[in-house]
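Coordinate analysis (summary)
Each chain, letter by letter, is given below.
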Amino acid sequence: HVEVGDFDSAGAVNFRTREVVREGLVQAVGGQFDTQRYLLMLSPTQDKVRTLFAAEGYYTNGPFQNDNRYFRTNLLGKMTMNPTSRSELSLTGTFQKSQWNASGEIPLRAVQDGTLD
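In this report, the structure presented in the accompanying data block is examined.

As for the layout of surface pockets
Estimates place the volume of the largest pocket at around 200 Å³. If you trace the largest pocket, you find it lined by Arg37, Leu39, Met41, Ala54, Ala55, Glu56, Asn74, Leu75, Leu76, Thr94, Phe95 and Gln96. Mapped onto the lining of the largest pocket, the elements with two or more residues apiece are strand S2 (35-42), strand S3 (49-60), strand S4 (70-81) and strand S5 (89-99). A class-by-class count of the residues in the lining of the largest pocket yields seven nonpolar, three polar and two charged.

Details of the sheet that holds S3
Reading across from one edge, S1-S2-S3-S4-S5 is the order of the five strands in this open sheet, with antiparallel pairing throughout. Each of the sheet's edge strands pairs with one partner strand only, and the pair in question is strand S1 (25-31) and S5. On average, adjacent strands in this sheet sit at an angle of 5 degrees to one another, irrespective of strand direction.

Here we look at the environment of Asn61
Position of Asn61 among the secondary structure elements: in the loop between S3 and S4. Once the C-alpha coordinates of Asn61 and Gln99 are considered, the two residues, 38 residues apart in sequence, prove to be 12 Å apart. When neighbours within four sequence positions are excluded, Asn61 is seen to be in contact with Phe33, Asp34, Asp67, Asn68 and Arg69. One polar contact links the side chain of Asn61 to the main-chain amide nitrogen of Arg69, over a distance of 3.4 Å.

A word on a nonpolar patch on the surface
On the surface, a cluster of nonpolar side chains totalling about 360 Å² of accessible area is made up of Val26, Leu40, Leu42 and Phe53. With respect to the secondary-structure elements, Val26 resides in strand S1. The exposed category is assigned to Val26, whose relative accessible area is 70%.

Digging into unusual backbone geometry
Positive phi, close to 60 degrees, is recorded for Phe33, a residue that is not glycine. Mapping Phe33 onto the fold places it in the loop between S1 and S2. Here Phe33 falls in the partly exposed class, since its relative accessible area comes to 41%. One non-glycine residue, Arg69, adopts positive backbone phi at about 45 degrees. Overall, Arg69 belongs to the partly exposed group, its relative accessible area being 46%.

Rules used in this analysis
Residues numbered from 1 in each chain as written. Predicted model: local features only at pLDDT ≥ 70, side-chain atom pairs only at ≥ 80, totals over all residues. Heavy atoms only, no water. 1 Å grid on protein atoms, 1.4 Å probe; cavity = no way out; pocket = protein on both sides within 12 Å on 5 of 7 lines; lining within 4 Å. Points joined across faces, edges and corners; volume = space filled by probe spheres on them. Helix = DSSP H or I, 4+ residues; strand = E, 2+ residues; numbered from the N terminus. Nonpolar A, V, L, I, M, F, W, Y, C, P; charged D, E, K, R; others polar. Pairing = 2+ DSSP bridges. Axes fitted to C-alpha atoms, helices over the stretch in contact; angles between N-to-C directions. Contact = heavy atoms within 4.5 Å. Polar contact = N/O pair within 3.5 Å; in protein donor to acceptor, adjacent residues only side chain to side chain. Patch = residues over 30% accessible without salt bridge, like charges linked within 9 Å, V, L, I, M, F, W, Y side chains within 5 Å. Areas by Shrake-Rupley, 256 points an atom, 1.4 Å probe, with all protein chains shown as cover. Salt bridge = Lys/Arg side-chain N within 4 Å of Asp/Glu carboxyl O. Buried < 20%, exposed > 50% of the residue type's maximum accessible area, 1.4 Å probe, protein only.

Below you can see the structure in the form of structure tokens.
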């Protein structure tokens, strides 16, 4: 598609984020392998200047022989306003960080000959 130019052959994604959340959200969930996810979303202003702040923390050990201790952090901040009735100005900032203890890949031939289980 011509809207995404040269990146069209590899694929393109158009993300649309909210401008506000009507009510703040705090969420904590857990699961197998010490999996934990924490989410916070809030919109301090919703009138002329609309703001959105979101934060997520995620942790899991994963189903591996060696714990992978995967930790991910995501932050989003967005401010939207309409300087005139026919214009919109939006400023968005994001941050993402991940770290983990990779178990590594093993060769199939080592599994097949019984060297590794």
